[in-house]
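Each chain, written out:
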Amino acid sequence: MYRARIRAVRASFAHLPYGLINSRPTRNSYANAINDSGHLAVTAEVNGIRHGFLDRTDLAILAGVTYSNVHDINIFNHVVGTDGGSGAFVYYGGGNVKYLPWPGPAGVSGGTAYGINDRGEIVGDTQFDPDPMNSDYHAFLYNPYPASDSQMHDLGTLGGAESFAYGINNLGQIVGESESASGQWLGFLWEKGAMQALPTLPTTGIPGGYAKAINDHGVVVGSSNVADGQQPHAFMWDTVNGTRDLNNLIPSGSGWLLIRANAINDSGQIVGMGLHNEQYRAFLLSRTAIILRDAHGDSLANKTVDVYTVHYDPPVFSDSLLGSFTTDSLGELHIPNLSAIAGDSLKVSMRIHQEPAVKHQSILSTMYTLTLDNAKFDTGTSAMTYSRIDSIGVHT
């Protein structure tokens, strides 16, 4: 029986865009994917045999898929993975399991399905050469719709012999790892028919890593070497910020070393595996950034604002300028060393022109929303615009 107890790590994340939740799974259990509804694809050992789970539902019992690994889940709770005896499969619910075509040598089966998007497109690795003497595996794309196109498509490599596709988003962007012409294993991004290598984290050893998942914002997560003979580090990559070490986005002294980032959803939640106090554990990272949105719900991207904390000691309001900040391409506002007293408020002023007399004004004419730790605080239209903060920087 699979058991998982998830508890929050109570800590201050005052200067961090991510909070941390500690998962304590059973022995040799791995949380491999999370969808936008929060459902998990998990692999766990049951009596020494690996079983795939949808949340806490054992697919071996429900669908007869034994000795399996599950790797991804889409919004419809369709799960993909590999069965040790029959190869790559997709689980559609109930007892409905479909095994993918095998284009490799006759008389054997194999391949692994690692990723599935909400359109039902599946990626993974398989053998494309029917010659039994050629054992190279290549990344594939499989589209079950229409039925006339239900075949494996070879995505190629970065110049080496093999490649493996691990994730696909709803835009058809695919990530994975491939051997390069020089023999290095690198993460890749495949889109519009072309495969490109992703930059690794800085390393004192041989560069290498893999990209495991990509969300619909184009944010990639995976694992990258940092030094020969040491554990790799979990990373995230996007076109704006480049490659970042996730260990730099969690509290120092937390006891965690984040090794692998396995999945990311469109809310920015990341699941993976790391060491917590020298024990292997699954982790869940959740965003705690402030997001500025307009009255229509659209994010305010690339806008410069002045942010104040406001304290009310009746009958006096006093404010303190935290500084000027620019939202990123998603409208997220990251404020280093953000701190306030419980019950304080935020005042956000948007710059509209640069004359010395009027450098900025409070946000005018429309309603804006600040989002912090999944709680929404509405700001109004008056000159003094406030958002109540009950427990800033604390995730419980």
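The structure we're discussing is the one just above.
Residues numbered from 1 in each chain as written. Predicted model: local features only at pLDDT ≥ 70, side-chain atom pairs only at ≥ 80, totals over all residues. Heavy atoms only, no water.

### Remarks on the overall build of the protein
Here is step 1: Scanning the protein for helices and strands turns up one helix and 36 strands.
Here is step 2: Classification of the 396 residues of the protein by burial places 50% in the buried group.
Here is step 3: Across the protein, the fraction of contacts at a sequence separation of at least 24, relative to all contacts at a separation of at least 6, is 46%.
Here is step 4: Total accessible area on the protein stands at roughly 18200 Å², and carbon and sulfur atoms take up 50% of it. (Helix = DSSP H or I, 4+ residues; strand = E, 2+ residues; numbered from the N terminus. Buried < 20%, exposed > 50% of the residue type's maximum accessible area, 1.4 Å probe, protein only. Contact = heavy atoms within 4.5 Å. Areas by Shrake-Rupley, 256 points an atom, 1.4 Å probe, with all protein chains shown as cover.)

### Describing unusual backbone geometry
Here is step 1: In this model, Asn-47 sits at a positive phi of 55 degrees, which is unusual for a non-glycine residue.
Here is step 2: Within the element layout of this structure, Asn-47 appears in the loop between strand S5 (40-46) and strand S6 (49-54).
Here is step 3: With a phi angle near 65 degrees, Asn-77 is a residue other than glycine that sits in the positive phi range.
Here is step 4: Along the chain, Asn-77 falls in the loop between strand S8 (68-73) and strand S9 (79-83).

### With respect to the pairing of strand S13 (residues 122-126)
Here is step 1: Within S13, five of the five residues are buried, which leaves the element mostly enclosed by the surrounding structure.
Here is step 2: Alternating positions in S13 separate into two faces, Ile-122, Gly-124 and Thr-126 on one and Val-123 and Asp-125 on the other, with burial throughout.
Here is step 3: As paired elements, strand S12 (residues 112-116) and S13 share four bridges and run antiparallel to each other. Within the sheet, the bridge partner assigned to Ala-113 lies in S13 and is Gly-124.
Here is step 4: Counting the residues that bridge the hairpin from S12 to S13 gives five residues, and of these Gly-120 lies at a positive phi of roughly 85 degrees.
Here is step 5: Summarising the sheet, S13 and strand S14 (residues 138-142) pair through five bridges and their orientation is antiparallel. Its bridge partner lying in S14, Gly-124 is registered against Phe-140. (Pairing = 2+ DSSP bridges.)

### A look at the sheet that holds strand S22 (residues 233-238)
Here is step 1: Ordered by their spatial adjacency, four strands build an open sheet running S20-S21-S22-S23, and the pairing between neighbours is antiparallel. Bordering the open sheet on either side are strand S20 (209-214) and strand S23 (242-245), each of which pairs with just one other strand. With direction set aside, neighbouring strand axes in the sheet form an average angle of 30 degrees.
Here is step 2: Of the pairings in the sheet, the one linking strand S21 (residues 220-224) to S22 comprises five bridges and is antiparallel in character. Residue pairing for S22: Ser-224 is matched across the bridge by His-233. (Axes fitted to C-alpha atoms, helices over the stretch in contact; angles between N-to-C directions.)

### Quick notes on the pattern of salt bridges
Here is step 1: The final tally for this structure, using the stated rule, is two salt bridges.
Here is step 2: For Glu-121, the salt bridge is made with Arg-119, and the minimal N-O distance between the two is 3.0 Å.
Here is step 3: Taking relative accessible area as the criterion, Glu-121 reaches 12% and is therefore assigned buried.
Here is step 4: Arg-119 gets classed as partly exposed once you look at its relative accessible area, which sits at 46%. (Salt bridge = Lys/Arg side-chain N within 4 Å of Asp/Glu carboxyl O.)

### Overview of the sheet that holds strand S16 (residues 159-168)
Adjacent strands of a sheet pair through backbone hydrogen bonds, lying either parallel or antiparallel.
Here is step 1: Strands sit in the order S16-S17-S18-S19 across an open sheet of four strands; the sheet is antiparallel. Edge positions in the sheet fall to S16 and strand S19 (194-197), since each has one partner strand and no second. This sheet shows a mean twist of 30 degrees between the axes of neighbouring strands, independent of strand direction.
Here is step 2: Of the strand pairs in this sheet, S16 and strand S17 (residues 174-180) are connected by six bridges, and their pairing is antiparallel. Bridge pairing in S17 places Ile-168 opposite Ile-174.

### Considering the environment of Ser-180
Here is step 1: As for its position among the elements, Ser-180 is in strand S17.
Here is step 2: Separated by 22 residues in sequence, Ser-180 and Leu-158 have C-alpha atoms that sit 4.7 Å apart.
Here is step 3: Those residues in contact with Ser-180 that sit more than four places away from it in its chain are Leu-158, Gly-159, Gly-160 and Leu-186.

### Quick look at the nonpolar core
Here is step 1: Counting 28 residues, the largest nonpolar core has Val-79, Val-221, Leu-246, Leu-258, Ile-270 and Leu-285 as the members making the most contacts within it.
Here is step 2: Counting residues per element, the ones that place at least two in this core are strand S4 (29-34), S8, strand S10 (87-93), S22, strand S24 (256-264), strand S25 (270-276) and strand S26 (279-287).
Here is step 3: For this core, the leading source of residues is S24, giving five residues.
Here is step 4: For Val-221, the residues in contact, after removing those within four places along its chain, are Ala-211, Lys-212, Ala-213, Phe-235, Met-236, Ala-261, Asn-262, Ala-263, Ile-264 and Ile-270. (Core = buried A, V, L, I, M, F, W, Y, C linked by side-chain atoms within 4.5 Å.)

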